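Coordinates in review
Chain by chain, the residues:
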Amino acid sequence: MTKVKICGLKEKEHVKAAVEAGADAIGFVFAASKREVSIEQARELAKEVPPGVLKIGVFVNPTMQEIETAVREVPLDFVQYHGNETPEFIQSNSFPSIKALSVRSEEDIDVAKQFNTDFYLFDAPGTDYQGGSGLTFNWQLMQGHSIPQEKIILAGGLNPTNVEDAIKRVNPYMVDVSSGVEVEGRKDSELIRAFIRAVK
Ligand SMILES: O=C(O)c1ccccc1NCC(=O)[C@H](O)[C@H](O)COP(=O)(O)O
């Protein structure tokens, strides 16, 4: 069954709603964004996440020190690189990793092969921030690549209505959502539940 990551959580009630509804991963954004949280906030939110649900820290061009501090203090299970990090930078540490790639063309999907990471998160290009735009990209571009399906996380503009179709077309290991479970810029517990229901 396709796994689900609910990203950009800032409030305990939404972390609880996601966990209770069966989320497999929770994302905390440590980058310039309306969804940004501090290490202290994330540490408090993480207390609501039981073992078995992954805690993923989202970073944009972080320093190694920033990553190490967050991994230790929250603590995090995965580091999601959502900026222009190089393959060498990502490989210079041993943290489980996800490399986010903005998809405009088939070539953008091939870029994944340069990175030795646990997962690739294919996303629409950012608008206001580096991610979390709420826009979809052309899923047709995900046909015919040679990336192992079990390494693919699909993101970008997913919501309770379109996620079933997205899964049928792309067959990802995991889907990721942020804007699609928000109302007026704030997470919504009912939409979180509806999204997870639609996936499962
Ligand atoms: O969500 C953000 O605000 C964000 C800001 C800066 C870098 C990454 C960010 N989000 C990363 C994610 O994993 C989002 O869930 C992903 O981009 C999908 O977002 P959406 O299209 O809003 O569902």
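No experiment lies behind these values; they were computed from the predicted model shown.

The rules we used
- Residues numbered from 1 in each chain as written.
- Predicted model: local features only at pLDDT ≥ 70, side-chain atom pairs only at ≥ 80, totals over all residues.
- UniProt positions renumbered as here; feature names shortened; annotations may be inferred.
- Helix = DSSP H or I, 4+ residues; strand = E, 2+ residues; numbered from the N terminus.
- Buried ≥ 20, exposed ≤ 12 C-beta atoms within 10 Å, placed from the backbone.
- Near = placed C-beta within 6 Å.
- Nonpolar A, V, L, I, M, F, W, Y, C, P; charged D, E, K, R; others polar.
- Core = buried A, V, L, I, M, F, W, Y, C linked by C-beta atoms within 7 Å.
- Contact = placed C-beta atoms within 7 Å.
- Pairing = 2+ DSSP bridges.
- Right-handed = clockwise from strand over helix to strand, strands pointing away.
- Axes fitted to C-alpha atoms, helices over the stretch in contact; angles between N-to-C directions.
- Left-handed = near helix turned anticlockwise from the far one by under 90°.

Focus on the UniProt feature "domain: N-(5'phosphoribosyl) anthranilate isomerase (PRAI)" (unreviewed entry) in the protein chain
Taken from the UniProt record, the annotation "domain: N-(5'phosphoribosyl) anthranilate isomerase (PRAI)" (unreviewed entry) applies to residues 4-197. Overall, residues 4-197 shows 28% helix and 21% strand. The separation of its end C-alpha atoms is 10 Å.

A word on unusual backbone geometry
A negative phi angle is the norm for most residues apart from glycine, just as the trans form is the norm for most peptide bonds. Cis geometry is found at the peptide bond from Val74 to Pro75, where omega equals -10°. With respect to the helices and strands, Pro75 occurs in the loop between helix 3 (64-73) and strand 4 (78-81). In this structure, Asn171 takes a positive phi of about 55° despite not being glycine. For Asn171, the position within the fold is in the loop between helix 6 (163-170) and strand 8 (174-177). Here Asn171 falls in the exposed class, since 12 other C-beta atoms lie within 10 Å of it. Positive phi values are uncommon outside glycine, yet Glu184 reaches one of about 50°. Following the sequence through the fold, Glu184 ends up in the loop between strand 9 (182-183) and strand 10 (186-187).

Section: the site of the ligand
In the region of the ligand, 26 residues are neighbours, and Cys7, Ser33, Gly131, Gly132 and Ser179 sit closest. Of all the elements in the fold, those that place two or more residues in the shell around the ligand are strand 2 (25-29) and strand 8. Taken together, the residues of the shell around the ligand break down into nine nonpolar, 14 polar and three charged.

Brief notes about the environment of Cys7
With respect to the helices and strands, Cys7 occurs in strand 1 (residues 3-7). Since 24 C-beta atoms lie within 10 Å of it, Cys7 is described here as buried. Measuring from C-alpha to C-alpha, the distance between Cys7 and Ser179 comes to 8.8 Å, with 172 residues separating the pair along the chain.

Quick word on the nonpolar core
Ile6, Ile26, Phe122, Ile153 and Val175 are the most contacted members of the largest nonpolar core, which totals 56 residues. When residues no more than four places from it in sequence are discounted, the contact partners of Ile26 are Ile6, Leu9, Val15, Ala18, Val49, Val53, Lys55 and Ile56.

A short note on the pairing of strand 8
Side chains of strand 8 alternate between two faces, with Met174 and Asp176 and Val175 and Val177 buried alike. Examined bridge by bridge, strand 7 (residues 152-154) and strand 8 share two bridges and lie parallel to one another. In the sheet register, Leu154 faces strand 8, and the bridge partner there is Val175. The parallel pair strand 7 and strand 8 is bridged by helix 6, and the resulting crossover is right-handed.

Things to note about the packing of helix 6 against helix 7 (residues 189-199)
Packing of helix 6 against helix 7 brings their axes to within 8 Å, and their N-to-C directions diverge by 35°. As for how helix 6 packs across helix 7, the hand of that crossing is right-handed. For the pair helix 6 and helix 7, the contacting residues are Val163, Glu164 and Ile167 in the first and Phe195, Ala198 and Val199 in the second. Tallied by class, the residues present in the contact of helix 6 with helix 7 amount to five nonpolar, no polar and one charged.

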